[in-house]
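# Structure at a glance
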Amino acid sequence: MVSWLSTRLLNISIASMCKAQQLVKAEVALIDGIRLGVLPDVVTYNTLIDAYCRFISIDDGYSVLHRMREAGIKPDVISYNSLIAGAARKCLLSRSLDLFEEMIQMGIHPDLRSYNILMDCLFKLGKPDEANRVFRDIILSDLHPSKATFNILIDGLCKNGYASNALMLFRNLRHRGFVPNIVTYNVLINGLCKARRLVAASKILKELEISGHEPNAITYTTVMKCCFRCKKLERGFEILSEMRSKGYTFDGFAYCTVIAALVKTGRIEEADYIIHQMQRSGIVSDVVSYNTLINHYCKQGRLDDALNLLDELEEAGLECDQYTHTVIVNGLCKAGNIDGAQQHLNYMNALGFNNLVAFNCLIDNLGKAGQIDRAMKLFKSMEFKDAFTYTILVHNLCRARRFLCASKLLVSCLKSGFRTLKATERAVLGGLRGIGYTNEARKLRSKIQSARLPH
DNA sequence: TATTTAGCGG
């Protein structure tokens, strides 16, 4: 009894150290405990596994699994769930799937949470069919799906392009007595907003309000972002002040959403004002907030300020991601340093960041700087292209009055299955006619029309 | 003791 009680006390103190990210202290407590005859149990080790996965790495979490086996304690479903969820959080999705397999091979039965995480991983990997199969298995087994199960399902459907199915599922579940929580509402509102189903989204928002739940900061940020995306700036700012008047504290998410919208629409002074507020509240602490600010400076051609922030980011122990590098490439272009931008693009590629936006940006700026042949060369070197890549290059070829080349590229864009803009087509057709190539213009027109027909 | 939601680039 006494020893059980002491182990329980040991676990409580280790849990609080882990929560405070004091893992060295937690390890010392573990050793002290053992020295005093207080033996750690499965809970002690599971707490450590979770903390290592959250704050250090999956490998460190996994080594705790070995340590517990050596100590004669068998890992259980919670040990594995912590590892699987930890890997998923760090976007190591195939590692999660491997760990799930390993758990089964060890003879440990997955529980509802294991299936929930597995389903989430499969959705995140863009495998909705497999995720749906996991859901079916949950239903067919004697596990009762929880709110989290349905939330993951609705979120996964939305993120895989099935927002309408998610909405149908939600309606269906409501009829069967399912009581959604705030996460359900937020997930669905976000999915519908992203699918541009604004009417449906506001209907769900209304339902949320009459359901007795209070919209939270996440709901507000989601709806605000949606307004900005749909160019309803003023409505977005109204939501912002409503959020403030209701006393919600602004976090990095809300600040970055607002700043990005202001920067995008060229409202520099307002952006500066909000940035000042954000910096004063001391929440510029992650890569995304740095990227938002670096972008703000790059857009204005204030490259020195941007590079200073880049130093600050690294001094804070953070690592640049593909967005940081893309913003820098864009900034170098905007400052007229095309060669520097090309060098930075090569550098980011060498680091393994193959960002299409950065390529598109450089192609556009090469074209605008009159270096259309370099732009073509860069285009040909690209492994992946999107509709923007083609559109940008076609417009720049028109600018250089190389209409025949632009026409050929427009056709290959259509052949690749990308949609083209009316303005792009007009630029090429008008250009061809302008230089007397009316026959070519006619041929291009009919190719565009046949590409529009359903196959 | 463990699972789900929101933010940045052309």
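Cut-off values and rules
Within each chain, residues carry numbers counting from 1 in the order of the written sequence. Whichever chain is written first becomes A and whichever ligand is written first becomes 1, with later ones labelled in order. With pLDDT at 70 or above as the cut-off, local features in this predicted model cover only qualifying residues; side-chain atom pairs require 80 or more to be listed or tallied, and sums for whole chains, interfaces and linings still use all residues. The side-chain figures draw on all heavy atoms in the structure; neither hydrogens nor water molecules are used. Helix numbering and strand numbering both begin at the N terminus, where a helix is a DSSP run of H or I of at least 4 residues and a strand a DSSP run of E of at least 2. We call a residue buried when its accessible area falls under 20% of the maximum for its residue type, exposed when it is over 50%, and partly exposed in between, using a 1.4 Å probe and counting protein chains only. Pairs of residues are marked as contacts when any of their non-hydrogen atoms sit within 4.5 Å. All accessible-area figures derive from a Shrake-Rupley calculation using a 1.4 Å probe, and residue coverage is judged against the displayed protein chains alone. Under this rule, positive means Lys or Arg and negative means Asp or Glu; His and the chain ends count for nothing. Where a charge lies is defined by one atom per residue type, namely NZ (Lys), CZ (Arg), CG (Asp) and CD (Glu). Note on aromatic pairs: the rings of Phe, Tyr and Trp (six-membered ring only in Trp) are paired at centre separations within 6.5 Å, and the planes decide the class, stacked below 30 degrees, edge-to-face beyond 60, tilted for the rest. Charge over a ring is defined by NZ of Lys or CZ of Arg lying within 6 Å of the ring centre and within 35 degrees of the ring normal. Lines fitted to C-alpha atoms define the axes here, with helix axes fitted over just the stretch in contact, and angles between the N-to-C directions of these axes take values from 0 to 180 degrees. Angles below 35 degrees are treated as roughly parallel, those above 145 as roughly antiparallel, those between 65 and 115 as roughly perpendicular, and all remaining angles as oblique. Classes in brief: Ala, Val, Leu, Ile, Met, Phe, Trp, Tyr, Cys and Pro nonpolar; Asp, Glu, Lys and Arg charged; the others, Gly included, polar. An automatic or database domain assignment provides the domain bounds reported here. Nonpolar side chains (Val, Leu, Ile, Met, Phe, Trp, Tyr) within 5 Å and like charges within 9 Å form the patches, drawn only from residues with over 30% relative accessible area and no salt bridge. Put simply, a salt bridge is a Lys or Arg side-chain nitrogen that is within 4 Å of an Asp or Glu carboxyl oxygen. Buried Ala, Val, Leu, Ile, Met, Phe, Trp, Tyr and Cys residues that are joined via side-chain atoms within 4.5 Å together make up what is termed a nonpolar core. One heavy atom within 4 Å of a molecule or strand is enough for the residue carrying it to be called near that molecule or strand. Polar contacts, as used here, are pairs of N or O atoms within 3.5 Å; protein pairs need one atom able to donate a hydrogen and one able to accept it. Residues neighboring in sequence count only if both atoms are side-chain atoms.

A word on the overall build of chain A. For chain A, the count of helices and strands is 26 helices and zero strands. Along the longest, intermediate and shortest principal axes, the C-alpha atoms of chain A span 95 × 55 × 50 Å. Residues classed as buried in chain A amount to 46% of the 455 residues present. Across chain A, the fraction of contacts at a sequence separation of at least 24, relative to all contacts at a separation of at least 6, is 56%. Taken as a whole, chain A presents about 24,800 Å² of accessible surface, with 55% of it coming from carbon and sulfur. Considering chain A, the positive charge centre built from 58 side chains and the negative charge centre built from 44 side chains are found 11 Å apart.

The full count for this structure, using the stated rule, is eight aromatic pairs. With centroids separated by 6.0 Å and ring planes inclined at 65°, the aromatic side chains of Phe170 and Tyr185 adopt a geometry described as edge-to-face. Here the residue Phe170 occupies a position in helix H10 (residues 163–175), and Tyr185 occupies one in helix H11 (residues 182–194), the gap between them amounting to 15 residues. Taking the centre distance of 5.2 Å and the plane angle of 55° together, the rings of Phe228 and Phe237 count as tilted. We note that Phe228, like Phe237, is buried. Through successive ring pairs, a cluster of aromatic residues spans Phe135, Phe150 and Phe178. Here the basic side chain of Lys385 rests over the ring of Phe379, its NZ or CZ set 4.4 Å away from the ring centre.

Here we come to the packing of helix H21 (residues 356–368) against helix H23 (residues 387–399). For the pair H21 and H23, the least separation of the axes is 9 Å and the interaxial angle reads 5°. The orientation of H21 with respect to H23, classified from their angle, is roughly parallel. Mapping the contact onto sequence places Leu356, Asn360, Ile363, Asp364, Gly367 and Lys368 in H21 and Phe388, Thr389, Ile392, Leu393, Asn396 and Arg399 in H23. In the contact of H21 with H23, the residues fall into five nonpolar, four polar and three charged.

This brings us to the domain arrangement of chain A. Once the domains are mapped, chain A shows domain 1 (1–110) and domain 2 (385–455). The straight-line distance from the C-alpha centre of domain 1 to that of domain 2 is 59 Å.

All right, on to a nonpolar patch on the surface then. Side chains of Leu404, Ile435 and Tyr437 sit close together on the surface and give an oily, nonpolar patch of about 240 Å² of accessible area. Relative to the helices and strands, Tyr437 is located in the loop between helix H25 (422–434) and helix H26 (438–452).

With that settled, consider unusual backbone geometry. Notably, Lys231 is not glycine yet its phi reads approximately 65°, a positive angle. Counting through the fold element by element, Lys231 comes out in the loop between helix H13 (217–229) and helix H14 (233–245). Its identity is not glycine, yet Arg401 carries a phi of approximately 60°, on the positive side. By the element assignment, Arg401 lies in the loop between H23 and helix H24 (403–415).

The next subject is the side chain of Glu102. By the secondary structure assignment, Glu102 is in helix H6 (residues 93–105). Buried and without a salt bridge, Glu102 has Arg69 as its closest oppositely charged side chain, separated by 4.6 Å. Excluding its chain neighbours within four sequence positions, the residues that come into contact with Glu102 are Tyr62, Leu65 and Tyr80.

A few words now on the nonpolar core. The biggest cluster of nonpolar side chains holds 142 residues, and the ones touching the most others in it are Leu48, Leu188, Ile294 and Leu393. The two domains that each donate at least three residues to this core are domain 1 (1–110) and domain 2 (385–455). When near neighbours in sequence (up to four residues on either side) are disregarded, Leu393 contacts Ile363, Ile372, Ala375, Met376, Phe379 and Leu409.

Among the secondary structure elements, Leu208 is positioned in helix H12 (residues 198–210). Classification of Leu208 as buried rests on a relative accessible area of 0%. Sequence spacing of Leu208 and Pro180 is 28 residues, and the spatial spacing of their C-alpha atoms is 9.1 Å. Setting aside anything within four residues of it in sequence, one finds Leu208 in contact with Ile182, Tyr185, Ile189, His213, Pro215 and Thr219.

Every one of the 48 residues lining DNA strand B counts as a neighbour, but Arg54, Lys225, Lys299, Asn355 and Asn360 are closest to it. Of what DNA strand B places within 4 Å of the protein, 41% of the atoms are sugar or phosphate. Between DNA strand B and Asn46, the relevant distance is 3.1 Å, taken from a base oxygen to a side-chain nitrogen or oxygen of the residue. Measuring from a base nitrogen of DNA strand B, one finds a side-chain N or O atom of Asp386 at 3.0 Å. Taken together, the residues of the surface near DNA strand B sort by class into 16 nonpolar, 17 polar and 15 charged.

This brings us to a negative patch on the surface. On the surface, Asp311, Glu312, Glu314, Glu315 and Glu319 cluster together into a negatively charged patch. Along the chain, Glu315 turns up in helix H18 (residues 303–315). The exposed category is assigned to Glu315, whose relative accessible area is 69%.

Glancing now at the pattern of salt bridges. Applying the stated rule across the entire model yields 15 salt bridges. The closest approach of N and O atoms between Glu238 and Arg235, which form a salt bridge, is 2.9 Å. Taken together, the positions of Glu238 and Arg235, both in helix H14 and three residues apart, correspond to about one turn of that helix. On the basis of relative accessible area, Arg235 is assigned to the partly exposed category, the value being 39%. Across the pair Arg402 and Asp373 runs a salt bridge whose closest N-O atoms are separated by 3.1 Å. Taken together, the residues Arg402 in the loop between H23 and H24 and Asp373 in helix H22 (residues 372–381) connect sequence positions 29 residues apart. For Asp373, a relative accessible area of 52% corresponds to the exposed category.

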